[in-house]
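Remarks on the overall topology
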Amino acid sequence: MPLPPIETRIQTLLAPASALAKGDDIIWKGHGFIWKAPETWMPQMTAWLEPRFRSAGWKKLSPGKFRDITCDDTEWLEVLQDCLKVDLDTCIDDLTAALAGARLWTYHGCRTEDAGLYFRDGLQRHDRQTMTRRLYDLVDGHETLAWLKPSLEQKIARTDNTIDLGRLYVVVDDDFMIETAGHYLIYGSEWILAVLGQAAHQVLKSIGVPTLLEIDLPLDAVASGDRREFAADLLMEWTRRACNVTDWHTPLNFTFCLEQDIPPAWIVGHSHPARIEDQFDDFRAYVSPRSTCRHCEPQS
Ligand SMILES: [Zn+2]
């Protein structure tokens, strides 16, 4: 879709806040984008920022002029502030509201025998009762874990982890996840891994295939605080890319915490990464012996 002309964008900017309902921004409403594919959001961000630039703002920014600032340094926001006629906090607040109308491609790591289950049933939040049942089924189903059964209740009680309850996590950058938090793909549920410990590593690695689910996430489904943090990351990355013309994206350690299930319609794809860094094995590469699950294996 072509971007609206600058005059329309300026009018939108000048409209009273009440006239522009959250998520109704003419640039971001209905727009889907991917963090590591800048061509999907750099033009939109440029168009969105343009009416917020002061008259000498572009000259001040000097697009293409290299600045020796690391990619995750918030100094990029100071560079941007120098170019804006609005306060940076206001700019981030406005972008936070505008992004409520957009969709972002996000990822969820797991280990499964059949990714088709997620396309059919969606992705459920962590339910401790369901997970406990799954844990007992796992121990019952593997002779090598039978010795853990008498102490299982005690182990569950000792794993005092309530942070996942009723929650679901998706990440913005799949590359970053595979390099730094790949244990979700190698071992599956973090809670089951924590309860059983190292004794279960081999068994957990023998079930299913490391899987990355791709989720087309409407950003109004995330908490506005999380969206604001992500809006600031986008502005930093936009400024860095505008200045230091580059062909790589900032590896982003960003996780959205959802307090609702993900419906099947949001799950738009999946893949099975071949090599994953294993934080429980000194970040050595884990090479998956399988590259397909029941859902994607060739039919004979
Ligand atoms: Zn598959």
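What you see is a predicted model, and the numbers here were worked out from it, not measured in a lab. (Residues numbered from 1 in each chain as written. Predicted model: local features only at pLDDT ≥ 70, side-chain atom pairs only at ≥ 80, totals over all residues.)

1. What to know about the overall build of the protein
Tallying secondary structure elements over the protein gives 13 helices and 8 strands in all. Overall, the C-alpha framework of the protein stretches about 70 × 45 × 40 Å when taken along its three principal axes. Considering the protein as a whole, with its 300 residues, one finds that 30% of them fall into the buried category. For the protein, the proportion of contacts with a sequence separation of at least 24, taken over those separated by at least 6, is 83%. (Helix = DSSP H or I, 4+ residues; strand = E, 2+ residues; numbered from the N terminus. Buried ≥ 20, exposed ≤ 12 C-beta atoms within 10 Å, placed from the backbone. Contact = placed C-beta atoms within 7 Å.)

2. Describing the nonpolar core
Counting residues in each nonpolar core, the largest one holds 64 residues, and the members touching the most others are Leu99 and Ile215. Considering every element that reaches this core, the biggest residue donor is helix α13 (residues 224-243), with 7 residues. Taken together, domain 1 (6-104 + 217-251) and domain 2 (105-215 + 265-287) each give at least three residues to this core, which thus spans both. (Core = buried A, V, L, I, M, F, W, Y, C linked by C-beta atoms within 7 Å. Domains from an automatic or database assignment.)

3. Some words on the environment of arginine 290
With respect to the helices and strands, arginine 290 occurs in the segment after β8 (284-287). C-beta crowding within 10 Å serves as the criterion here: with 12 such atoms nearby, arginine 290 is assigned to the exposed category. Spatially, the C-alpha atom of arginine 290 lies 21 Å from that of leucine 193, the residues being 97 residues apart in sequence.

4. Regarding the pairing of strand β7 (residues 275-278)
Pairing geometry for β7 and β8, over 4 bridges, is antiparallel. Note on β8: the bridge partner recorded for glutamate 277 is alanine 285. Connecting the antiparallel pair β7 and β8 is a turn made up of 5 residues, with aspartate 282 showing a positive phi of about 55°. (Pairing = 2+ DSSP bridges.)

5. A few points about the packing of helix α5 (residues 88-99) against α13
Between α5 and α13, the shortest axis-to-axis distance is 8 Å and the interhelical angle comes to 115°. Taken together, the axes of α5 and α13 lie roughly perpendicular to each other. The handedness of the crossing between α5 and α13 is right-handed. Between α5 and α13, the contacting residues are Ile92, Leu95, Thr96 and Leu99 on the first element and Ser224, Arg227, Arg228, Ala231, Ala232 and Leu235 on the second. Considering only residue class, the contact of α5 with α13 consists of 6 nonpolar, 2 polar and 2 charged. (Axes fitted to C-alpha atoms, helices over the stretch in contact; angles between N-to-C directions. Parallel < 35°, antiparallel > 145°, perpendicular 65-115°, else oblique. Left-handed = near helix turned anticlockwise from the far one by under 90°. Nonpolar A, V, L, I, M, F, W, Y, C, P; charged D, E, K, R; others polar.)

6. Some details on the domain arrangement of the protein
Domain assignment breaks the protein into domain 1 (6-104 + 217-251) and domain 2 (105-215 + 265-287). One C-alpha centre belongs to domain 1, the other to domain 2, and the line joining them spans 34 Å. Its residues assigned to classes, the side of domain 1 that touches domain 2 comprises 5 nonpolar, 1 polar and 1 charged.

7. Focus: helix α7 (residues 128-141)
A rise of 1.5 Å per residue sets the reference length of α7, with its 14 residues, at 20 Å; its end C-alpha atoms lie 20 Å apart and thus fit the reference within 8%. Turning to α7, its buried residues are Leu135, Leu138 and Val139. Angular distribution of buried residues about the axis of α7 spans 95°; they occupy a single face of the element. Exposed residues lying more than 90 degrees from the buried face of α7 are Gln129, Thr130, Arg133, Asp137, Asp140 and Gly141. In this structure, the buried residues of α7 make contact with α8 (152-158) and α11 (190-196). (Expected span 1.5 Å × (residues − 1). Arc of directions from axis to C-beta.)

8. Some thoughts on the environment of glutamine 81
Within the secondary structure, glutamine 81 is located in helix α4 (residues 75-81). For glutamine 81, a count of 15 C-beta atoms within 10 Å corresponds to the partly exposed category. Distance from glutamine 81 to glycine 57, taken between C-alpha atoms, is 9.3 Å for residues 24 residues apart in sequence.

9. Notes on unusual backbone geometry
Positive phi is not limited to glycine here, since aspartate 282 has a value of about 55°. Along the polypeptide, aspartate 282 turns up in the loop between β7 and β8. Residue aspartate 282 is classed as exposed on the basis of its 7 C-beta neighbours within 10 Å. A positive phi angle, close to 60°, is found at phenylalanine 283, a residue other than glycine. By the secondary structure assignment, phenylalanine 283 is in the loop between β7 and β8.

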